[in-house]
Amino acid sequence: MHVRTRMTKDPVTISKQTTVADALELMRKHNIRRLPVLENNKLVGIVTDRDLSAVSPSPATTLSVFEINYLLAKMKIKDVLPKNQKVFTISPDAFIEEAALIMREHKVGALPVVEKDKLVGIITETNIFDAFIDLLGVKEQGCRIDIEVIDEPGVLANVTQIIKNDGANISRVNVFREEGKTYLVIRLTTFYGEPIIKTLEEHGYKIITYKSYNDFQ
């Protein structure tokens with residue numbers, strides 16, 4: 001899964017000359033929390049709702065609404081853009097897990113997507129969550145079986161062959177390792193996994209969890 005398939009294309013952008021008031025209005029209008037900043041069509045920074053809140057008057061201020069609006073209308077993004085800000089970006093052809101790793105390591109909630117020095121999109125933590133949900137097939141009909149296995153060549157092939165012989169169709173397969181143990185998490189398109197569980201147990205596999213589609217609703 002590549003970033004380009006999950007990113008928001010042609011994101012809303014602003015310039016250094018945009019006022020804080022206009023930037024806040026754009027965030028409210030488009031229900032977004034971040035705005036890439038462009039200068040001569042080049043990415044030069046990114047501002048968040050937190051950045052703008054930090055320069056906005058406190059609710060406890062004695063200023064009138066007119067005075068607050070006046071201040072925000074005069075203040076420009078160039079005045080609040082963090083100096084020497086390092087903007088982490090990613091290519092649209094990068095894998096989705098690369099984006100997740102960069103965001104986690106640098107503690108950022110979004111990455112501008114740049115191709116040939118041009119901003120083509122933005123990928124956010126919400127996009128990553130949606131991709132994770134799709135990878136696990138949570139919204140798909142069927143059932144989920146978690147199997148503890150020995151981490152050795154051929155295990156996955158053996159398990160999938162057993163399932164195939166029982167006439168079931170696999171929609172998702174994931175491998176997890178926790179505390180020295182290995183688990184196969186398999187999603188099937190069938191609602192009824194009990195017969196397959198019985199067969200797997202007969203072959204010596206330990207079933208950790210079994211949940212039907214309705215358990216995820």
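What you see is a predicted model, and the numbers here were worked out from it, not measured in a lab.

**Examining the overall build of the chain**
- Looking only at helices and strands, one finds eight helices and nine strands in the chain.
- Relative to its 217 residues, the chain shows a buried fraction of 34%.
- A separation threshold of at least 6 residues defines the contact pool for the chain, and within that pool the share at least 24 residues apart is 63%.
- Element-wise, carbon and sulfur atoms account for 50% of the exposed surface of the chain, whose accessible area totals about 13,600 Å².

**As for the environment of Val155**
- Relative to the assigned elements, Val155 resides in helix H7 (residues 155-165).
- The class for Val155 is buried, based on a relative accessible area of 8%.
- Along the backbone, Val155 and Leu184 are 29 residues apart, and their C-alpha atoms lie at a distance of 9.5 Å.
- Ignoring sequence-local partners within four residues, the contact set of Val155 consists of Val149, Ile150, Leu184 and Tyr205.

**Points about the sheet that holds strand E1 (residues 8-9)**
- Across the sheet, which stays open at both edges, the three strands sit in the order E1-E5-E4 with antiparallel pairing between neighbours. Each end of this open sheet is capped by a strand with a single partner; those strands are E1 and strand E4 (110-115).
- Direction of pairing for E1 relative to strand E5 (residues 118-124): antiparallel, over a ladder of two bridges. The partner of Thr8 across the bridge, within E5, is Ile122.
- Packed on one face of the sheet, helix H6 (residues 125-136) meets E1 and E5 and runs near 60 degrees to E5.

**Comments concerning unusual backbone geometry**
- Here Asp10, not a glycine, exhibits a phi torsion of approximately 45 degrees, which is positive.
- Assignment of secondary structure puts Asp10 in the loop between E1 and helix H1 (20-30).
- Unlike most non-glycine residues, Asp117 shows phi in positive territory, near 65 degrees.
- Considering the arrangement of structural elements, one finds Asp117 in the loop between E4 and E5.

**Regarding the pattern of salt bridges**
- Tallied over the full model, the rule gives 12 salt bridges.
- With a shortest N-O distance of 2.9 Å, Arg4 and Asp93 are connected by a salt bridge. One end of the pair, Arg4, is in the segment before E1; the other, Asp93, is in the loop between helix H4 (77-80) and helix H5 (96-106), and 89 residues separate them in sequence.
- Classification of Arg4 by relative accessible area gives partly exposed; the value is 33%.
- By relative accessible area, Asp93 is classed as partly exposed at 45%.
- Linked through salt bridges whose partners overlap, the residues forming this network are Arg4, Asp93 and Glu115.

Calculation notes
- Residues numbered from 1 in each chain as written.
- Predicted model: local features only at pLDDT ≥ 70, side-chain atom pairs only at ≥ 80, totals over all residues.
- Heavy atoms only, no water.
- Helix = DSSP H or I, 4+ residues; strand = E, 2+ residues; numbered from the N terminus.
- Buried < 20%, exposed > 50% of the residue type's maximum accessible area, 1.4 Å probe, protein only.
- Contact = heavy atoms within 4.5 Å.
- Areas by Shrake-Rupley, 256 points an atom, 1.4 Å probe, with all protein chains shown as cover.
- Pairing = 2+ DSSP bridges.
- Axes fitted to C-alpha atoms, helices over the stretch in contact; angles between N-to-C directions.
- Salt bridge = Lys/Arg side-chain N within 4 Å of Asp/Glu carboxyl O.

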